[in-house]
Amino acid sequence: MFSNSKLYLFIAIFYLGILGCASEELTSARLYIQQKNWEKAEEFLVKALEVEPENAEIPYLLGKLIYAKRKEWGKMNEMFDLALKLDKEKVILEGGTVKQYVEQSRSQFWSNTFNIGVNEFNKFRKLSGDERKAALDKAISLFKEAMHISPGESQTYPILATCYYESGNGDLAKDYAAKAVMLSPSDFDANFTAGQIFTTLNDKEGALMYFVKSVEIDPTSSSAIRHLAQSYYDIGKKDKSIETYQIAIKNETDKTVKSDLHFNLGVLFMQVGSFMDAEDNFMMAYDLNPDDVEALVGMAQTFETAEKWSRSEKFYRELISLEPNNPEHYKGMARILIKQGKKDEAEYYFNKSKRVGSK
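This one's a predicted model, so the numbers in the text were calculated from it and none came from an experiment.

A. Geometry of the overall build of the chain. Each helix and strand counted, the chain has 19 helices and two strands in total. For 359 residues, the compact-globule estimate of 2.2 N^0.38 gives 21 Å, and the chain exceeds it by more than 25% at 33 Å. When its C-alpha atoms are laid out on the principal axes, the chain stretches across 115 × 45 × 35 Å. The burial tally for the chain puts 42% of its 359 residues in the buried class. Contacts in the chain between residues far apart in sequence, at least 24 positions, make up 46% of those at least 6 positions apart. In the structure as shown, the chain presents an accessible area of about 19,600 Å², 51% of it carried by carbon and sulfur atoms.

If you want it as structure tokens, here you go:
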């Protein structure tokens with residue numbers, strides 16, 4: 001009759017036996033793993049690898065159970081890579097292949113660290129002062145750790161690039177944004193994020209190729225098309241910018257966004273001397289969003305700069321109607337009337353601007 005302890009030992013030995021003929025070192029390591037004696041488990045796994053150098057299970061166990069627990073990610077990946085090199089299709093443990101176990105383990109460790117990093121980054125966006133900086137520093141540390149856990153996981157790099165941008169380190173922001181695209185060249189988010197970061201860091205030429213790729217990946221993305229149009233404008237390719245804005249307008253359904261697109265297109269047409277096209281687009285912008293004062297100011301000033309006095313006057317009158325207490329609109333009207341030789345009327349609006357401004 002077996003005692004409980006003897007029965008347990010018998011079952012454990014039987015279980016180990018059915019796994020195949022293992023060395024004494026590996027058998028001992030497995031027992032220490034069951035007992036969660038990690039120091040002894042490491043000792044015997046290292047010894048087991050010396051006597052069974054072709055056994056892919058051993059480096060896998062070292063990677064997951066020893067080095068990962070100590071967050072020695074470099075050593076973990078060294079062991080995982082060795083296991084894959086030895087025999088990635090070998091069936092181990094509970095029936096999965098070495099490749100499946102390695103991918104599952106890397107993914108688990110990566111996602112745990114990455115998700116904590118995302119939480120810290122979200123905290124950063126809500127906080128202020130020293131707490132805000134501390135949260136951002138912690139997020140960067142966690143995303144760098146996630147990168148070391150799974151260097152080939154492209155999802156880490158765009159958010160790490162964003163963190164470095166927020167911290168004021170533009171060079172690292174660009175480096176990691178580019179790395180994300182290199183690892184996953186057909187990923188829309190990686191390309192789009194890289195384009196945005198390069199744009200905000202004033203690398204207009206660098207941004208263009210990422211927005212071009214974004215639109216190639218998703219031709220229906222209104223946001224990507226808008227950024228591409230602006231990118232063409234930023235590098236002086238106005239014809240391409242006009243063409244892209246027209247595509248963006250066709251793809252856009254939001255009235256406010258569409259109004260902004262028509263306004264931008266109107267400015268472009270003014271710059272290339274197509275005044276009728278410019279006015280058409282300004283009016284479309286106004287029809288879509290008649291309360292957009294900023295757009296009206298832009299229209300009035302654009303026509304004023306182009307010395308289209310009567311058209312500019314039309315928009316200044318509309319602005320005065322919408323914002324009768326804004327002295328800048330009266331000043332604009334006064335300037336336009338002087339240019340048209342209407343001195344008395346101009347003086348009235350100039351005086352009106354002073355009265356309104358003194359309230």
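B. Looking closely at the packing of helix α14 (residues 255-271) against helix α16 (residues 293-305). Contact geometry of α14 with α16 gives a least axis separation of 11 Å together with a crossing angle of 5°. The orientation of α14 relative to α16 falls into the category roughly parallel. Of the residues in α16, those touching α14 at Phe263, Val267 and Met270 are Ala295, Gly298, Met299, Thr302 and Phe303. For the contact of α14 with α16, the class distribution of residues is six nonpolar, two polar and no charged.

C. Just helix α17 (residues 309-322), in detail. For α17, with 14 residues, the first-to-last C-alpha span of 20 Å sits near the 20 Å given by 1.5 Å per residue. Every buried residue belonging to α17 is among Ser312, Glu313, Phe315, Tyr316, Leu319 and Ile320, and all of these are buried. For α17, the secondary structure elements touched by its buried residues are α15 (275-288), α16, α18 (327-339) and α19 (343-357).

D. Region of the structure containing the pattern of salt bridges. Applying the stated rule across the entire model yields 21 salt bridges. The partner of Asp81 in a salt bridge is Arg106, and the shortest N-O contact between them spans 2.8 Å. Taken together, the positions of Asp81 in helix α5 (residues 73-87) and Arg106 in helix α6 (residues 98-126) put the pair 25 residues apart, joining distant regions of the chain. When its relative accessible area of 42% is taken as the criterion, Asp81 is described as partly exposed. On the basis of relative accessible area, Arg106 is assigned to the buried category, the value being 17%. Two residues, Asp137 and Lys133, come together in a salt bridge whose shortest N-O distance is 2.8 Å. In this pair, Asp137 and Lys133 both sit in helix α7 (residues 129-149), four residues apart, roughly one turn of the helix. The partly exposed category is assigned to Asp137, whose relative accessible area is 36%. Exposure remark for Lys133: the relative accessible area of 53% places this residue in the exposed category.

E. Representation of helix α12 (residues 222-234) within the structure. Look at α12: 18 Å from first C-alpha to last across 13 residues, which is about the 18 Å you get at 1.5 Å a residue. The set of residues buried in α12 consists of Ser222, Ala224, Ile225, Leu228, Ala229, Ser231 and Tyr232. Packing partners of the buried residues in α12 comprise α10 (188-200), α11 (204-217) and α13 (238-251). Once α12 ends, the next one or two residues include Gly236, with phi positive near 90°.

Cut-offs used in this document
Residue positions are given per chain, counting from 1 as you read along its sequence in written order. Since the coordinates come from a predicted model, pLDDT governs what is reported: local features require at least 70, and pairs of side-chain atoms require 80 or more to be given and counted, while whole-chain, interface and lining totals use all residues. Computation of side-chain values: all heavy atoms of the structure, hydrogens and water removed. A run of H or I in DSSP counts as a helix once it spans at least four residues, and a run of E counts as a strand once it spans at least two, with each numbered from the N terminus. For the radius of gyration, the atom set is restricted to C-alpha positions; the globular benchmark scales as 2.2 Å times the number of residues to the power 0.38. The buried label goes to any residue with under 20% of its type's maximum accessible area, the exposed label to any with over 50%, and the partly exposed label to all in between, with areas taken from a 1.4 Å probe on protein chains only. Two residues form a contact once any of their heavy atoms are found within 4.5 Å. In this description, accessible areas are obtained by the Shrake-Rupley approach with a 1.4 Å probe, and a residue is regarded as covered only by the protein chains that are shown. Whenever a helix is involved, its axis is fitted only over the stretch in contact; in every case the axis is a line through C-alpha atoms, and angles between N-to-C directions fall within 0 to 180 degrees. We call two directions roughly parallel when the angle between them is under 35 degrees, roughly antiparallel when it is over 145, roughly perpendicular when it lies between 65 and 115, and oblique otherwise. Charged means Asp, Glu, Lys or Arg here, nonpolar means Ala, Val, Leu, Ile, Met, Phe, Trp, Tyr, Cys or Pro, and polar covers whatever is left, Gly included. Each residue after the first adds 1.5 Å to the expected span of a helix. Whenever a carboxyl oxygen of Asp or Glu lies within 4 Å of a side-chain nitrogen of Lys or Arg, that contact is scored as a salt bridge.

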